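Single-letter residue listing:
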Protein chains: 2
Amino acid sequence: MVPFNLDEYQKLWKPQIDAVLLEVLDELGEGCPDGLQKAMRHAVLGGGKRLRPILCVAAARACGGGESAALCPGCALELIHAYSLVHDDLPAMDDDDVRRGRPACHKAFGEALAILSGDALLTHAFVVLAESVPAPMAQAAVVMVAKAAGPLGMVGGQADDVGGEGRVSSVDEIEQIHSRKTAALFEAAVGLGGLLAGAAQEQLDALRAYGRALGLAYQVTDDLLAHVGDDKALGRPAGSDRAKNKPTHPVVAGADASQKRISALVQAAITALGPLGGQADALGAIAASVEKRAGKP
Amino acid sequence: MVPFNLDEYQKLWKPQIDAVLLEVLDELGEGCPDGLQKAMRHAVLGGGKRLRPILCVAAARACGGGESAALCPGCALELIHAYSLVHDDLPAMDDDDVRRGRPACHKAFGEALAILSGDALLTHAFVVLAESVPAPMAQAAVVMVAKAAGPLGMVGGQADDVGGEGRVSSVDEIEQIHSRKTAALFEAAVGLGGLLAGAAQEQLDALRAYGRALGLAYQVTDDLLAHVGDDKALGRPAGSDRAKNKPTHPVVAGADASQKRISALVQAAITALGPLGGQADALGAIAASVEKRAGKP
């Protein structure tokens with residue numbers, strides 16, 4: 001069997017994702033205050049792997065649906081991801097000055113516009129999501145995404161994370177935080193792609209199990225890169241988590257244990273794809289790439 | 001004709017609105033981090049006139065629809081309103097320490113939890129909204145509300161407001177800001193009620209014209225109460241807008257001109273109700289009450 005070419009897949013979809021994101025921001029037009037528009041563009045258009053939209057598209061593929069129909073809805077998730085980074089970087093939160101090798105939004109535009117541009121991206125994501133899915137699917141799509149991004153999902157995880165500095169100490173506690181902070185939105189990304197492709201319940205369950213495991217693997221990888229000081233792979237200065245006494249997997253368990261955990265989670269993600277068959281090739285390759293990012297070939 | 005008894009109407013609906021809001025927060029349960037849950041409750045349950053849900057319910061009534069069907073969707077708007085107050089009060093924004101006679105959310109829970117509880121309320125509002133409307137209406141409802149609350153609506157107006165301190169000088173500019181900052185969500189509140197009641201386009205247009213005029217009247221009233229120093233009617237310390245050199249209608253045009261503008265806007269709101277007939281009695285009484293709040297009997 002010819003292995004799936006993830007590079008080609010990303011080269012196919014990333015420019016389309018970037019184009020949709022640009023179009024979404026352009027379409028706001030003059031009705032959007034100039035400073036707010038600039039801060040939103042800074043947050044969204046400054047690079048990024050576009051992993052959540054690619055997962056959404058690849059999940060639609062895995063369920064035999066049209067990948068293009070998942071493109072715009074997937075971009076709504078990228079808007080939500082971008083907002084979360086802007087708010088996470090704020091002085092009152094993680095207080096990070098650099099993001100994706102450039103000044104964080106609040107360093108470039110001030111705190112007020114950073115808060116508001118995050119609010120605007122989150123709110124507008126629901127316009128993009130609701131408008132880009134077929135009307136009969138809008139309710140399920142909005143509920144799925146909003147639950148994943150809200151107090152029981154991403155925001156809840158971030159609240160735990162902020163509250164846990166210097167306090168959380170076990171790997172289980174850390175993974176509980178990360179399952180909300182990162183994995184919930186990964187799960188929604190593939191769940192949304194499956195929903196749009198008309199996936200059966202068994203397929204949706206498989207996708208969500210994949211998304212959970214992959215999201216955890218991704219977060220441990222992020223923390224590992226920060227721990228070993230790989231600024232370049234990370235896109236922001238490493239070591240700031242340690243400086244803040246933030247509990248991460250490698251801090252608590254050590255780098256070797258984190259590496260093993262990433263491999264196990266990636267394997268679990270790939271195993272979860274079983275019921276989806278050969279069309280889950282892109283999702284499988286994405287999972288393998290997360291392990292590679294963590295330093296394992 | 002017996003005049004509509006707004007007090008009775010509010011006594012009927014406000015407890016039901018408060019009960020829905022409490023239920024929505026209770027239902028988050030243990031999956032929501034404790035600190036986040038407390039900050040969200042502080043923001044939502046600390047009083048408030050519940051004007052947006054009441055407008056939503058009254059608009060459904062005006063279009064001959066079931067008022068109860070508009071109750072939960074209207075509460076989603078109250079969650080959005082509550083989030084906007086939490087973020088507006090932040091030190092980087094309006095820097096207000098008191099809200100509804102109690103400590104602002106960031107004074108009670110710290111800035112990080114205030115930012116996150118706002119994010120959580122905004123996101124969860126879309127769960128509440130999408131789940132509480134009939135599935136075939138979810139797309140239209142979510143797009144209507146998210147557009148009103150986002151960069152072309154409420155957040156855009158707040159960005160203009162923050163950017164306009166010490167700069168904006170004409171009444172027209174101020175009303176342009178307020179039409180987004182406040183009126184857009186009023187318009188969505190009545191538009192949503194109409195949508196749920198199956199309103200015809202002519203009715204929806206009438207409702208939206210009413211909402212825009214009433215929202216502007218409400219904001220000028222708020223600014224007038226702050227200007228003349230009526231802390232009690234305002235629910236927060238008056239005079240802070242002047243201290244921040246914030247351009248408001250009475251600052252630029254004077255208190256008398258503001259009073260006249262409120263009367264004209266309220267009259268325009270009531271006139272807009274024409275096509276709706278006698279069932280718009282509650283909406284008419286709400287408009288009249290705004291003028292009364294501004295000090296005119």
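Residues numbered from 1 in each chain as written. Chains lettered and ligands numbered in written order. Predicted model: local features only at pLDDT ≥ 70, side-chain atom pairs only at ≥ 80, totals over all residues.

Q: Could you clarify how one ought to interpret the overall build of chain A in this entry?
A: Tallying secondary structure elements over chain A gives 15 helices and two strands in all. Within chain A, the fraction of its 297 residues that count as buried is 60%. Sequence separation of at least 24 residues holds for 72% of the intrachain contacts in chain A that already meet a minimum separation of 6. (Helix = DSSP H or I, 4+ residues; strand = E, 2+ residues; numbered from the N terminus. Buried ≥ 20, exposed ≤ 12 C-beta atoms within 10 Å, placed from the backbone. Contact = placed C-beta atoms within 7 Å.)

Q: It is not clear to me how the packing of helix H4 (residues 71-88) of chain B against helix H9 (residues 171-196) of chain B should be interpreted in this structure. Could you clarify?
A: A pair of packed helices can be characterised by two numbers: the angle between their axes and the separation between those axes. All names here are of chain B. One can describe the packing of H4 onto H9 by two numbers: an axis separation of 10 Å at closest approach and a directional angle of 165 degrees. Taken together, the axis directions place H4 and H9 in an arrangement best described as roughly antiparallel. Here H4 runs over H9; the crossing is right-handed. Between H4 and H9, the residues in contact are Pro73, Gly74, Leu77, Ile80 and His81 and Leu185, Ala188, Ala189, Leu192, Gly193 and Leu196, respectively. (Axes fitted to C-alpha atoms, helices over the stretch in contact; angles between N-to-C directions. Parallel < 35°, antiparallel > 145°, perpendicular 65-115°, else oblique. Left-handed = near helix turned anticlockwise from the far one by under 90°.)

Q: Looking at this model, I keep getting lost on the interface of chain A and chain B. Mind explaining?
A: Of the residues lining the interface, 44 residues belong to chain A; the matching set on chain B comes to 44 residues. Within the residue set of the side of chain A that touches chain B, elements represented by two or more residues are helix H2 (34-45), helix H6 (111-132), helix H7 (135-149) and helix H8 (154-164) of chain A.

Q: What exactly am I supposed to notice about the confidence of the model for chain A here?
A: Low pLDDT marks stretches whose predicted atomic positions should not be read closely. Per-chain confidence: chain A averages 92 in pLDDT, with 92% of residues scoring 70 or above. Among the prediction metrics, the complex's ipTM stands at 0.95, with pTM recorded as 0.95. (pLDDT = per-residue confidence, 0-100.)

Q: I keep staring at the nonpolar core and nothing clicks. Help me out?
A: Soluble, globular proteins show a tendency: their nonpolar side chains are buried together. In terms of nonpolar packing, the biggest core is built from 216 residues, with Val142, Val145 and Ala217 of chain A together with Val142, Val145 and Ala217 of chain B touching the most fellow members. Residues in contact with Val142 of chain B, not counting those within four places in the same chain, are Phe126, Ala130, Ala138 and Val142 of chain A together with Phe126, Leu129 and Ala130 of chain B. (Core = buried A, V, L, I, M, F, W, Y, C linked by C-beta atoms within 7 Å.)

Q: Would you mind going over the environment of Ala58 of chain B with me for this structure?
A: Residue and element names in this part refer to chain B. Mapped onto the elements of the fold, Ala58 is located in helix H3 (residues 51-62). C-beta crowding within 10 Å serves as the criterion here: with 28 such atoms nearby, Ala58 is assigned to the buried category. On a C-alpha basis, the gap between Ala58 and Gly35 in space is 35 Å, while along the polypeptide they are 23 residues apart. The residues contacting Ala58, other than those within four sequence positions of it, are Gly193, Ala282, Leu283 and Ile286.

Q: How do you make sense of unusual backbone geometry when you look at a structure like this?
A: Note on backbone geometry: most residues besides glycine have negative phi, and most peptide bonds are trans. All names here are of chain A. For Asp95, which is not a glycine, the phi torsion comes out positive at approximately 55 degrees. Looking at the element boundaries, Asp95 is found in the loop between helix H4 (71-88) and strand E1 (98-99). Taking the number of C-beta atoms within 10 Å as the measure of exposure, Asp95 has 14 and is therefore partly exposed. Here the phi dihedral of Arg100 falls at roughly 50 degrees; this positive angle occurs in a residue that is not glycine. Note on placement: Arg100 falls in the loop between E1 and strand E2 (102-103). Here Arg100 falls in the partly exposed class, since 16 other C-beta atoms lie within 10 Å of it.

Q: Sorry if this is basic, but what is going on with the environment of Val127 of chain A here?
A: Here Val127 of chain A lies in helix H6. In this structure, the C-alpha to C-alpha distance between Val127 of chain A and Ala62 of chain A, residues 65 residues apart in sequence, is 26 Å. The residues contacting Val127 of chain A, other than those within four sequence positions of it, are Val143, Ala146, Lys147 and Gly150 of chain B.

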